[in-house]
Amino acid sequence: IVALVVLGSLGSSPDQGWLTIPGAGLQLVFAQNSPTSPLLDRAKSELKAGKIAAAITTLEGLIDTFPPPEILQEAYLLQATALKHDNQPTDALTVLKQLLEEFPFTSSTNPARVLMAQLYIEIKDYEQALSQLYQALDYSTDLELRRSILQLIRQTELNNNNPLGAVKATLNEMGLANQTE
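Residue positions are given per chain, counting from 1 as you read along its sequence in written order. The predicted nature of this model means local features are confined to residues of pLDDT at least 70 and side-chain atom pairs, given and counted, to a pLDDT of 80 or more, with totals for whole chains, interfaces and linings taken over all residues. Note that the side-chain values use all heavy atoms of the structure and ignore hydrogens as well as water.

Chemist: Help me understand the overall build of the protein chain in this model?
Modeler: In this description a helix means any DSSP run of H or I spanning at least four residues, a strand means any run of E spanning at least two, and both kinds are numbered starting from the N terminus. When its secondary structure is counted, the protein chain shows eight helices and three strands. In sequence order, the protein chain lays out its α and β elements as β-β-β-α-α-α-α-α-α-α-α. Counting all 181 residues of the protein chain, 48% fall into the buried class. Residues count as neighbours in contact if any of their non-hydrogen atoms are within 4.5 Å of one another. The long-range fraction of contacts in the protein chain, counting pairs at least 24 apart against all pairs at least 6 apart in sequence, stands at 50%. Residue burial considers only the protein chains on display, and all accessible areas are found by Shrake-Rupley using a 1.4 Å probe. Of the roughly 9,100 Å² that the protein chain leaves accessible, carbon and sulfur atoms contribute 53%. When a residue's accessible area, from a 1.4 Å probe over protein chains only, is under 20% of the maximum for its type it is buried; when over 50% it is exposed; and in between it is partly exposed.

Here you go:
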């Protein structure tokens with residue numbers, strides 16, 4: 001499964017940048033107006049090149065400098081993504097919990113919740129995954145993101161041996177198709 005995690009404020013702009021992390025099955029979308037800093041840019045480059053340990057070190061250094069909130073939020077998301085790819089789900093969850101504690105209602109909230117859900121799925125804690133996914137769905141307004149969340153909910157419900165929940169997610173996803181027509 002390839003997961004899509006959206007960072008920054010989203011629009012349908014063709015100027016969005018995509019960062020695919022090799023072997024992670026994960027794509028990150030950065031809106032054109034995403035915050036930038038030299039260390040953040042370096043970490044993105046390191047992630048893109050598959051230098052996960054270097055990216056983690058760079059992001060730790062950036063976070064230690066107490067950057068502005070917009071940069072800190074993105075640094076947390078990237079650090080959690082790198083930790084996920086480095087098979088450190090517990091540490092990634094800790095970073096995401098810190099992000100949600102410090103920034104509970106920002107553009108980073110839904111991507112953090114989706115990434116948390118993916119981590120919970122990896123460790124087979126489906127109840128926690130579903131909790132995060134349903135919270136992200138409640139606050140998501142972007143139709144594509146809602147569709148992706150519903151697909152993850154459907155798969156997670158199946159993994160959790162709840163076919164009725166999976167059918168419900170499928171029906172909700174079909175309802176989104178009617179909104180785009």
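There is more to say, and it comes next.
Chemist: I tried to follow the nonpolar core on my own but got confused; where do I start?
Modeler: In globular proteins that are soluble, nonpolar side chains generally tend to be buried together. As used here, the term nonpolar core means buried Ala, Val, Leu, Ile, Met, Phe, Trp, Tyr and Cys residues forming a set that is joined through side-chain atoms within 4.5 Å. Within the largest apolar cluster, 46 residues are counted, with the highest numbers of intra-cluster contacts made by Leu40, Leu59, Tyr76, Leu96, Leu99, Ile149 and Ile153. Listing elements by their share of this core, those giving two or more residues are α1 (38-48), α2 (52-64), α3 (69-85), α4 (89-102), α5 (109-122), α6 (126-139), α7 (143-159) and α8 (163-180). Tallying contributions element by element places α3 first for this core, with nine residues.

Chemist: Would you mind going over unusual backbone geometry with me for this structure?
Modeler: With the exception of glycine, most residues fall at negative phi, and the peptide bonds are largely trans. Located in the positive-phi region is Phe66, a residue other than glycine, with phi close to 55°. Judged by relative accessible area, Phe66 falls into the exposed class, the value being 74%. Within the chain, Asn161 stands out as a residue other than glycine whose phi angle is a positive 60°. Note that Asn161 resides in the loop between α7 and α8. Classification of Asn161 by relative accessible area gives exposed; the value is 70%.

Chemist: Quick question: what am I supposed to make of the side chain of Ser140 here?
Modeler: One can find Ser140 in the loop between α6 and α7. Those residues in contact with Ser140 that lie beyond four places of it in its chain are Asn110, Leu145, Arg146 and Ile149.

Chemist: Could you clarify how one ought to interpret α5 in this entry?
Modeler: Expected span of a helix: the number of residues minus one, times 1.5 Å. Given a rise of 1.5 Å per residue, 14 residues ought to cover 20 Å, and the 20 Å separating the end C-alpha atoms of α5 matches this to within 8%. By the criterion of burial, α5 is predominantly enclosed, with 13 of the 14 residues buried. Lys124, located one to two residues past α5, shows a positive phi value of around 65°.

Chemist: I would appreciate a short explanation of the confidence of the model for the protein chain in the present structure.
Modeler: If pLDDT is low for a region, its predicted coordinates should not be looked at in detail. Counting all residues, the mean pLDDT for the protein chain is 84, and 78% of those residues have values of 70 or more. Ranking the helices and strands of the protein chain by mean pLDDT puts α4 first, with 97, and strand β1 (residues 3-7) last, with 48. Between residues 6-18, whose pLDDT stays under 50, and residues either more than four places distant or in other chains, the model counts 35 contacts. Residue-level confidence of the predictor, termed pLDDT, takes values from 0 up to 100.

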